[in-house]
2 protein chains.
Amino acid sequence: MHIRLTSGKILDRMKDENLLQAFKRQGVYLVASCGGKGICGKCRIRIFRGEYHTASQGKLHAHDIESGVVLACQTFPESDISVDIPKESQLVLGDVLEISRTKDLLETFRSSGKTLSPLVKWVSLEVTPPTIDDNISDLERLKKSLEAICLKDMSFSHGFLSTMATELREARWKVHLGYIDGTEAVFLAPSASKDTYGLAVDIGTTTVVVYLVNLKDGSLVDVGSTYNSQIRYGDDVITRIMYATEAGGLKELQDTVVTDMNNLLMPMIERHAIAKKDIESVVISGNTTMTHLFWGLNPGFIREEPYTPTLNFFPVWKADSVGLKIGKQVPVYTVPCVASYVGGDIVAGVLASNMHKQSGITLFMDIGTNGEIVIGNNEWLVTAACSAGPCFEGSGIRHGMRATEGAVESITINPQTFTPSLSVIGNSTPIGICGSGMIDAITEMFLTGVIDQKGKFIRGLTTKRIRDGFEGPEFLVSSNEGKDIVLTEVDIENILRAKAAMYAGVSLLVKKVGLTLNDIEQIFIAGGFGNYLNIEKAIIIGMLPDVPREKFRFLGNTAIAGAYFCLLSEKMREEAEEVAGKMTNVELSVSRRFMDEYMSALFLPHTDIGQFPTVKKLLRNKD
Amino acid sequence: MHIRLTSGKILDRMKDENLLQAFKRQGVYLVASCGGKGICGKCRIRIFRGEYHTASQGKLHAHDIESGVVLACQTFPESDISVDIPKESQLVLGDVLEISRTKDLLETFRSSGKTLSPLVKWVSLEVTPPTIDDNISDLERLKKSLEAICLKDMSFSHGFLSTMATELREARWKVHLGYIDGTEAVFLAPSASKDTYGLAVDIGTTTVVVYLVNLKDGSLVDVGSTYNSQIRYGDDVITRIMYATEAGGLKELQDTVVTDMNNLLMPMIERHAIAKKDIESVVISGNTTMTHLFWGLNPGFIREEPYTPTLNFFPVWKADSVGLKIGKQVPVYTVPCVASYVGGDIVAGVLASNMHKQSGITLFMDIGTNGEIVIGNNEWLVTAACSAGPCFEGSGIRHGMRATEGAVESITINPQTFTPSLSVIGNSTPIGICGSGMIDAITEMFLTGVIDQKGKFIRGLTTKRIRDGFEGPEFLVSSNEGKDIVLTEVDIENILRAKAAMYAGVSLLVKKVGLTLNDIEQIFIAGGFGNYLNIEKAIIIGMLPDVPREKFRFLGNTAIAGAYFCLLSEKMREEAEEVAGKMTNVELSVSRRFMDEYMSALFLPHTDIGQFPTVKKLLRNKD
């Protein structure tokens, strides 16, 4: 009995297995918060061919059930079936792109000469066992051993002390003690673990990425990524803040993203047979709102003028205070934030880019759900946010998706036939379009005359690819097994807004610091674009400034890269604190000039074509 | 419609009220962990006259129901009724004895010249409100204000920061900040509270006592006491430790005693209309096992040779880590312990007795569930435990009870008629016998020839008061409305064991420190005896040493007195740490000589009558 996925993969099925189990066994992971009990309703899939029966339909709507939607954990095939797994149900583990990129990151780290120095330091101790004549308390005993190796004034949390008595005896008083900051004991172990692990986590507004890292050599063991399930409460940080404050949903939002992290983590440690107790530290990076929500801190005043976060520099707190399903005492380091709309993800980005060490001036652009910009060098750093919106991460775009397997990542359109040629991540059947594909598509549609300078479809072209959908006009990107992928006029509008916000931000911030684009030595682009971003095309649509192409470098997801560095190295954590302390934030949102710049940038490429000399030339040559 | 209690009190009842509600309205408090939902089964009472109906019988046994036992929260009278409230169901609030004694304590504290300095210190801060040009985080803002008044390096817990943003704004940036130890912020308030409150808690093995104290003037607002509900898992610390470790019941034991504290606290703050937020600190004192259980720490190794506690000096932890239903951030100070069987209750006792400040040598005896002894002065302190058992607190004695209303606290027996004359606390109908009453009863029975030197009933006396009960022979102390109060031979055996353990401990410890009883200048007796202990009679039964009577002083419950002092004063907390650090613990239980001393002390008054010259004389005169 076979299970055929729309990605082209063919899986088998063993007797009595439900689909969730069959998928998992063969490395296809679905979101299943409830662990496959039919409760959470997250492992929804659509069966469009073949026979099956279901044990329960959970809370599925009648119209979903009619169209073949089932819960994988409740479904048992009775013949060969064909299945479509919607992106919301997918848990992406072991992402090939990420793993290959991280090898470079580790090389970069090694070549920096920094030593591997995770959050937790370990010492071996021989504690004198008690006797009837010397029966002072266990803690006084342990303190004596610590003082003997000059570790004084250590503090001991309630959690540490709860289990200490048993641990000391199980280890026969020869223990390995793990501590943080030189001041707080966190773990006791009977022997040094052969391998210990850490988690670097990028909590994006749209995407959550978890790196499982071996802390003995710094290598990446596995990667998992998924949509941030908070999406169900709103696409952007503003709607989430409203939900947290006005609807009293703070705890719910916190639990939601922590559950996402747990759901990513559990299958990873399972498939590498890693004991939970060997996970010893966590580093998270996220924008200021995501960081506040993760820690359950009121984000309400981030949204209200004058936009103040509760805090930017976070103490090292423990995993159990948020419900991470790892050791209760595991320390969690938070990459520090700068301001309400410039968070730890950007500090991590600067760290990963190394721009804070270079004398030349760098422009750093993070094109995620929120667009953020940093300009500066080893002496100064100025930053601003320009709320680009989540479309480049696939959210708010009809067939948008993250840069994972099945995503259209580049497109060219034949100017005669209007037929697109697609390049798909993993060379599989396309199931959606990721950010780089969108930029390509807009450029190609613009250059081939499918859309005008305002992003509107030009009517009367001799192609059936432009058609009327239920949201209005749309362009058919691909059609496969009855599943169409389109870009709608509404999609295009969203993308133009996002690119306009980015460009307006860059434009204004460069002026604010008294420079021109010519003064900038290099431009780093970060964001969830996978391995690919066509700089040329991003300039043509007016998202990136029209400067010599060799100045550009695409860095990928720097929020996770910076978190990964902080997981490995104390020096990196110190640098993160320095960078965050040094960055000057400029509030663009309150500036009239920003609005003007933004309105001008809504055009393709820009109202002032003079700012895009090479695009001007290209368009002139085309005509 | 009237409700008549066996104590003699008569209550009324309003329409639709269940009995629990009617009792509460009229100041009779029952244990009701579930808040009166019929779930916990703790508000059991017995109706022995009148008509009633019940909404539910909860989990009551058939034989209980037959004898009129009901849950007060589920019961509605239909006529005048007569009710017996068993001691397990009673919550004793506003204990008159305790309140009057505490007035003296406050006087003692005032005359010591120490200033009122509770755990939490408060400062007023004017925080600069943020503007769009100065929108650093709230925490950085707060830190600046603290640094301006030289409070640097303060730490901020997760709990504090969770609510800080809202609190700062509600207070319009003019706040009162509460902190502990000069290093950790715990509270933010918009204005200084007119009154703030603290709790001093004595967690005894048998009894839990809570003092609600006004921290602005040190006065006692209310007192509550109840049986420690952990009793259902065992009478003494050993059985509790076994339940915590072998039966995995640690969390259950912790929750049980915390629930007792919550149940005492809630009616108190209700009847004084105190806002929960105005309770700002807690001090607990308990023996080492009770302290470990309260904090959820494994007590297993307290019981196993060489008897080591996890820790003796406890950090200040927060109320929410154990589930106390007060502000999450409320700091809880633990009176430090000395060793596995000498805990914070004894340190508190020394503190309350002031023996650690006097040059003369004091013998301090705490006669609670566990007997503990301290000998020393302002230079040295030696201590030992001698596990007396819980009988003096009413546990393990058929009609035993704590020294609260209705307890027989003194007894004389007519040597001709064997008729006892009773003195009852609160001058009400007797409902049981407390520790001092037991000592009186044994003395009187011994002197009037009801029992022999081994504590056995002498047969053939011409009185019906000695009769055969279902546990063997017993003495009828009183009979009222069909309710008999007796002392059985088994009871007497338990009391003799307890007094023997105490005396053997004193005897051996005095020798161990190279002294004789004559070297002792004063003897302080602590324990839950209410206001009354007949020293003369306690010497006659051989519990206290036969030394001049003017050396004795009865101090009452010093564990709560010391906790109360620690609640009021930083100096007192410092002294507690000093006392605990200074005390040398002697392990009596492993000593053969202790066993010998104990066996000799099981007699009335002692095998070696030479140690009790005045008793010898008394007995000779009698014959």
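Our subject is the structure listed above.
Residues numbered from 1 in each chain as written. Chains lettered and ligands numbered in written order. Predicted model: local features only at pLDDT ≥ 70, side-chain atom pairs only at ≥ 80, totals over all residues.

### Some thoughts on the interface of chain B and chain A
A common way to express how large an interface is: the accessible area buried when the components associate. Operational definition: Contact criterion: two residues are in contact if their C-beta atoms, reconstructed from the backbone, are within 7 Å. Secondary structure follows DSSP: runs of H or I at least 4 residues long count as helices, runs of E at least 2 residues long count as strands, and numbering of each begins at the N terminus. Just so you know the grouping, Ala, Val, Leu, Ile, Met, Phe, Trp, Tyr, Cys and Pro go in nonpolar, Asp, Glu, Lys and Arg go in charged, and all remaining residues, Gly too, go in polar.
Each partner contributes residues to the interface: chain B has 32 residues there, and chain A has 32 residues. When contributions to the side of chain B that touches chain A are tallied by element, the ones reaching two or more residues are helix 4 (138-148), helix 5 (158-170) and helix 9 (300-303) of chain B. Per-element accounting of the side of chain B that touches chain A gives the leading share, six residues, to helix 5 of chain B. Considered class by class, the residues forming the side of chain B that touches chain A number 16 nonpolar, 13 polar and three charged.

### Quick look at the sheet that holds strand 28 (residues 483-488) of chain B
In sheet architecture, strand pairing relies on hydrogen bonds along the backbone and comes in two forms, parallel and antiparallel. All names here are of chain B. This is how it is decided: If DSSP finds at least two bridges between two strands, the strands pair. Under this scheme, a helix contributes an axis fitted over its contacting stretch, all axes are lines through C-alpha atoms, and angles between N-to-C directions fall in the 0 to 180 degree range.
Reading across the sheet, the three strands line up as 26-27-28 and stay open at both edges, with antiparallel pairing between neighbours. The open sheet terminates on both sides in strands that have one partner only, identified here as strand 26 (466-469) and strand 28. Direction aside, neighbouring strands of the sheet carry axes that sit 50° apart on average. Bridge analysis of strand 26 against strand 27 (residues 472-480) gives four bridges, and the strand direction is antiparallel.

### Details of the nonpolar core
The nonpolar side chains of soluble globular proteins are, as a tendency, buried together. Put simply, the test is: Put simply, a nonpolar core is buried Ala, Val, Leu, Ile, Met, Phe, Trp, Tyr and Cys residues tied into one set by C-beta atoms within 7 Å. Put simply, a residue is buried when 20 or more other C-beta atoms lie within 10 Å of its own C-beta and exposed when 12 or fewer do; between those, it is partly exposed, and each C-beta is set from the backbone.
Counting residues in each nonpolar core, the largest one holds 384 residues, and the members touching the most others are Val347, Ala563 and Tyr564 of chain A together with Val347, Ala563 and Tyr564 of chain B. Ignoring sequence-local partners within four residues, the contact set of Ala563 of chain A consists of Ala200, Val201, Asp202, Val283, Ile284, Ser285, Val335 and Ala348 of chain A.

### Points about the packing of helix 10 (residues 344-353) of chain A against helix 15 (residues 570-582) of chain A
All names here are of chain A. Basically, it comes down to this: Here a crossing is called left-handed whenever its near helix is offset anticlockwise from the far helix by less than a right angle, and right-handed whenever the offset is clockwise.
Contact pair helix 10 / helix 15: the axes reach a minimum separation of 9 Å and the direction vectors enclose 120°. Crossing geometry of helix 10 relative to helix 15 is assigned as right-handed. In this structure, helix 10 contributes Val347, Val350 and Leu351 to the contact, and helix 15 contributes Met572, Glu575, Ala576, Val579 and Ala580. Taken together, the residues of the contact of helix 10 with helix 15 sort by class into seven nonpolar, no polar and one charged.

### A closer look at helix 11 (residues 435-447) of chain A
Residue and element names in this part refer to chain A. How we decide: By this rule, a helix spans an expected 1.5 Å times one less than how many residues it contains.
Under the 1.5 Å per step criterion, the end-to-end length of helix 11 is 18 Å for 13 residues, consistent within 8% with the ideal 18 Å. Of all the 13 residues making up helix 11, twelve are buried; the element is thus mostly covered by neighbouring parts of the structure. Among the residues trailing helix 11, Gly449 stands out with phi positive, at a value near 75°.

### Considering helix 6 (residues 237-245) of chain B
Residues and elements named next belong to chain B. Put simply, the rule is: Relevant arc is that of directions from the helix axis to the C-beta atoms, nothing else.
Residues of helix 6 that are buried include every one of Val237, Arg240, Ile241, Tyr243 and Ala244, and no others. Projection of helix 6 onto a plane perpendicular to its axis shows the buried side chains occupying an angular sector of 160°, all on one side. Structurally, helix 6 contributes buried residues whose contacts are with helix 7 (250-271), helix 8 (288-294) and helix 9.

### Focus on the pairing of strand 4 (residues 44-49) of chain A
Residue and element names in this part refer to chain A. Relative to strand 6 (residues 69-71), strand 4 runs antiparallel, the two being bridged by three bridges. Within the sheet, the bridge partner assigned to Arg44 lies in strand 6 and is Leu71. Here strand 4 pairs with strand 8 (residues 81-84) via three bridges, running antiparallel. Bridged to Arg46 within strand 8 is Asp84.

### With respect to the relation of the copies chain B and chain A
Short version of the rule: The atoms used to superpose the copies are C-alpha atoms, taken from residues with pLDDT of at least 70 in both, and the fit is least squares.
Turning chain B through 180° and shifting it by 0.2 Å along the axis lays it on chain A, with an RMSD of 0.1 Å. When the rotation and shift are considered jointly, the pair of chain copies conforms to a two-fold rotation axis. Residue Ser321 of chain B of chain B places its C-alpha closer to the rotation axis than any other residue of that unit, at 5.5 Å. The residues that chain B uses at the interface reappear at the interface of chain A in 100% of cases, marking a shared surface.

### What about the environment of Ile132 of chain B?
Looking at the element boundaries, Ile132 of chain B is found in the loop between strand 10 (121-126) and helix 4. Not counting the four nearest positions on each side in its chain, Ile132 of chain B is found in contact with Glu305, Pro306, Glu587 and Val590 of chain A.

### Description of the sheet that holds strand 10 of chain B
Residues and elements named next belong to chain B. The mixed open sheet is built from four strands, whose spatial order is 10-12-13-11. Every interior strand has two partners, whereas the edge strands, strand 10 and strand 11 (155-156), have only one. Pairing analysis gives two bridges linking strand 11 to strand 13 (residues 184-189), with the strands arranged parallel. Counterpart to Phe156 in the pairing with strand 13 is Ala185.

### Quick notes on unusual backbone geometry
With the exception of glycine, most residues fall at negative phi, and the peptide bonds are largely trans. All names here are of chain B. Following Glu305, the chain continues into Pro306 via a peptide bond in cis, with omega recorded as 5°. Tracing the backbone through its elements, the reader meets Pro306 in the loop between helix 9 and strand 18 (317-318). The step from Leu604 to Pro605 runs through a cis peptide bond, and the omega angle for that step is -10°. Positionally, Pro605 belongs in the loop between helix 16 (592-601) and helix 17 (613-622). A positive phi is found at Trp173, a non-glycine position, where the angle reads about 70°. Assignment of secondary structure puts Trp173 in the loop between helix 5 and strand 12 (174-180). Of note in the backbone geometry, Phe418 takes a positive phi value of approximately 60° without being a glycine. For Phe418, the position within the fold is in the loop between strand 23 (407-413) and strand 24 (420-424). Exposure remark for Phe418: the 20 C-beta atoms within 10 Å place this residue in the buried category.

### As for the packing of helix 14 (residues 558-568) of chain A against helix 15 of chain A
Residues and elements named next belong to chain A. What counts here: An angle below 35 degrees is treated as roughly parallel, one above 145 as roughly antiparallel, one from 65 to 115 as roughly perpendicular, and anything else as oblique.
Packing of helix 14 against helix 15 brings their axes to within 5 Å, and their N-to-C directions diverge by 125°. By the angle between their axes, helix 14 is oblique relative to helix 15. The element helix 14 and its partner helix 15 pack so that their crossing is left-handed. Here helix 14 contributes Phe565, Cys566 and Leu568 to the contact with helix 15, which in turn contributes Met572, Arg573 and Ala576. Residues of the contact of helix 14 with helix 15, tallied by class, amount to five nonpolar, no polar and one charged.

### Quick look at the pairing of strand 20 (residues 362-367) of chain A
Residue and element names in this part refer to chain A. Most of strand 20 sits out of view: six of its six residues are buried. Residues of strand 20 alternate between two faces, with Thr362, Phe364 and Asp366 on one and Leu363, Met365 and Ile367 on the opposite face, all of them buried. In terms of strand pairing, strand 20 meets strand 21 (residues 371-376) through six bridges, oriented antiparallel. In the sheet register, Ile367 faces strand 21, and the bridge partner there is Gly371. Adjacent in sequence and paired antiparallel, strand 20 and strand 21 are bridged by three residues.

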